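Report on the structure
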Amino acid sequence: MPRTRRITHVLTAFATAAATAIGLAAAAGTATAAPPPGFALVGTQLTLAPDGACRGNILVGLDQTPHSGELTVTLTPAGTWGTAGCAADVQVDTISAAGPQHRLVHVDGGPASTTVDIGYGFAMVNVDSVDPAGWNAGYHIVMVP
């Protein structure tokens, strides 16, 4: 079942790439270095299942370092998940010209981040909750200038 879920995410991301590219090209004259242009299929936050006192979402922020090909994924608690006593493990996966990368980020006590080298061009970034269960932030398609 997890393999089917990943394949579905990849196919959906490729299907929306063309529409996103058109929108990004139209806005290219006004784009800034951070955050990068992108498209979130199901939003920019992780929706996590409540568990006792632990509830809420984790907001996903994407920021690029200009002219470096690096992308920083910042995970900010918007509720009690990710705060002290309600730790959350989040998987950050990227597919780009720099190759696939997988990072596990432990969010415990406030915002946490990881920086990945995505190179230049299009990149797909999937941010998903490992523990606790939840609805993921979907793929972002990012064009790094």
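Calculation notes
- Residues numbered from 1 in each chain as written.
- Predicted model: local features only at pLDDT ≥ 70, side-chain atom pairs only at ≥ 80, totals over all residues.
- Heavy atoms only, no water.
- pLDDT = per-residue confidence, 0-100.
- Helix = DSSP H or I, 4+ residues; strand = E, 2+ residues; numbered from the N terminus.
- Contact = heavy atoms within 4.5 Å.
- Core = buried A, V, L, I, M, F, W, Y, C linked by side-chain atoms within 4.5 Å.
- Buried < 20%, exposed > 50% of the residue type's maximum accessible area, 1.4 Å probe, protein only.

Attention now moves to the confidence of the model for the protein chain. When pLDDT is averaged across the protein chain, the result is 75; 65% of the residues are at 70 or more. Element-level mean pLDDT values for the protein chain span from 41 in helix α1 (residues 2–27) up to 94 in strand β5 (residues 101–107). Predicted confidence for residues 7–33 stays below pLDDT 50, and this span has 22 contacts to residues more than four positions away or in other chains.

With that out of the way, let us pick up the nonpolar core. Counting 22 residues, the largest nonpolar core has I58, V73, L75 and V127 as its most contacted members. Sorting the residues of this core by element identifies β1 (45–48), β2 (56–65), β3 (70–79), β4 (88–95), β5, β6 (112–117) and β7 (121–131) as the ones contributing at least two each.

So, on to unusual backbone geometry. A cis amide bond, omega 10 degrees, links D131 with the succeeding residue P132. Relative to the helices and strands, P132 resides in the loop between β7 and β8 (134–135).

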